[in-house]
Amino acid sequence: AQTIHQWPVAEIKAVGSPLSLGCTIKGKSSPNLYWYWQATGGTLQQLFYSITVGQVESVVQLNLSASRPKDDQFILSTEKLLLSHSGFYLCAWSLGTGNAEQFFGPGTRLTVL
Amino acid sequence: AQSVTQPDARVTVSEGASLQLRCKYSYSATPYLFWYVQYPRQGLQLLLKYYSGDPVVQGVNSFEAEFSKSNSSFHLQKASVHWSDSAVYFCALSMEGGRALIFGTGTTVSVSP
């Protein structure tokens with residue numbers, strides 16, 4: 001069975017500090033991977049997607065970047081956090097074909113102070 | 001432009017009562033539609049999906065949804081709710097071969113005893 005793991009579970013960071021959030025998918029080779037941001041009490045906004053290692057497409061940047069260093073790993077990062085980066089970050093995966101449904105990880109809650 | 005509208009931000013129902021959550025979409029091509037549920041401080045779980053065929057689709061936990069092309073709608077229903085159904089429900093539209101998933105603003109469901 002496929003499992004999706006996100007780390008850390010939660011972070012409290014200072015404005016201007018760097019950030020790195022991770023996501024790992026196990027049990028599925030060559031998945032499409034996605035990053036979403038959810039403001040507290042809000043809807044989900046897709047940030048990035050990746051269909052293969054080393055290839056990442058930006059949907060909405062929000063002064064963030066993403067990388068896919070391995071087939072099963074997706075990283076979200078920034079060198080300088082803003083207050084507006086606070087929220088819930090969700091990683092998701094889907095099969096590589098068609099309009100397949102996306103499966104979500106447990107999320108990382110980020111608080112920027 | 002493509003969009004998903006959930007007109008009800010919050011719904012309160014009594015345990016054992018029926019539930020209907022509304023979802024309207026705007027998309028010129030064939031829609032692929034999903035309902036997800038989010039429990040507090042967790043990721044999203046897929047309830048059901050519509051790709052084509054029978055407009056009434058069955059999902060997990062006795063949820064079902066009905067697709068209407070003429071009304072551009074995909075409403076979610078459950079005949080008898082349980083307190084554990086209290087959560088936020090998101091309707092979503094898949095486009096561009098599944099690489100873009102547009103979410104509605106969500107409906108918070110509170111089930112009272």
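Residues numbered from 1 in each chain as written. Chains lettered and ligands numbered in written order. Predicted model: local features only at pLDDT ≥ 70, side-chain atom pairs only at ≥ 80, totals over all residues. Heavy atoms only, no water.

Peer 1: Got a minute to help me understand the overall build of chain A in this structure?
Peer 2: Summing up its helical and strand segments, chain A has 0 helices and 11 strands in all. Mapped from its N terminus to its C terminus, chain A presents α and β elements in the order β-β-β-β-β-β-β-β-β-β-β. Here the C-alpha radius of gyration of chain A, 13 Å, is about what a compact globule of 113 residues would show, namely 13 Å. The C-alpha extent of chain A, read off along each of the three principal axes, is 40 × 25 × 20 Å. Residues classed as buried in chain A amount to 47% of the 113 residues present. Of the contacts formed within chain A by residues at least 6 apart in sequence, a portion of 55% connects residues at least 24 apart. Accessible surface for chain A amounts to roughly 5200 Å². Of this, 56% is attributable to carbon and sulfur atoms. Treating the 7 positive side-chain charges of chain A as one cloud and the 6 negative ones as another, the clouds have centres 5 Å apart. (Helix = DSSP H or I, 4+ residues; strand = E, 2+ residues; numbered from the N terminus. Rg over C-alpha atoms; globule rule 2.2 N^0.38 Å. Buried < 20%, exposed > 50% of the residue type's maximum accessible area, 1.4 Å probe, protein only. Contact = heavy atoms within 4.5 Å. Areas by Shrake-Rupley, 256 points an atom, 1.4 Å probe, with all protein chains shown as cover. Lys, Arg positive; Asp, Glu negative; His and termini not counted. Charge placed at Lys NZ, Arg CZ, Asp CG, Glu CD.)

Peer 1: Help me understand the sheet that holds strand 1 (residues 3-7) of chain A, please; the structure alone is not making it clear to me.
Peer 2: Across a sheet, paired strands are connected by hydrogen bonds in the backbone, their directions being either parallel or antiparallel. Residues and elements named next belong to chain A. Across the sheet, 4 strands lie side by side as 1-3-8-7; this open sheet has antiparallel pairing. The outermost strands of the open sheet, each flanked by one partner alone, are strand 1 and strand 7 (65-70). When the angles between neighbouring strand axes are averaged without regard to direction, this sheet yields 20°. Where strand 1 lies against strand 3 (residues 19-26), 5 bridges are found, and the strand directions are antiparallel. When the bridges of strand 3 are listed, Ile4 appears paired with Ile25. (Pairing = 2+ DSSP bridges. Axes fitted to C-alpha atoms, helices over the stretch in contact; angles between N-to-C directions.)

Peer 1: Any chance you could explain the interface of chain B and chain A here in plain terms?
Peer 2: How large an interface is tends to be reported as the accessible area lost when its parts come together. Taken together, the contacts link 23 residues of chain B with 21 residues of chain A. Interface area for chain B against chain A, summed over the two sides, is near 1700 Å², with a carbon-plus-sulfur share of 50%. Three residues, Leu44, Arg99 and Phe103 of chain B, lead the burial of chain B against chain A; their summed loss comes to 31% of the area buried on that side. Ionic pairing is found between Lys49 of chain B and Glu101 of chain A, a salt bridge with its closest N-O pair at 2.7 Å. When contributions to the side of chain B that touches chain A are tallied by element, the ones reaching two or more residues are strand 5 (32-38), strand 6 (44-50), strand 10 (87-95) and strand 11 (100-103) of chain B. Ranked by residues supplied to the side of chain B that touches chain A, first place goes to strand 5 of chain B with 4 residues. (Buried area = accessible area lost by both parts, 1.4 Å probe. Salt bridge = Lys/Arg side-chain N within 4 Å of Asp/Glu carboxyl O.)

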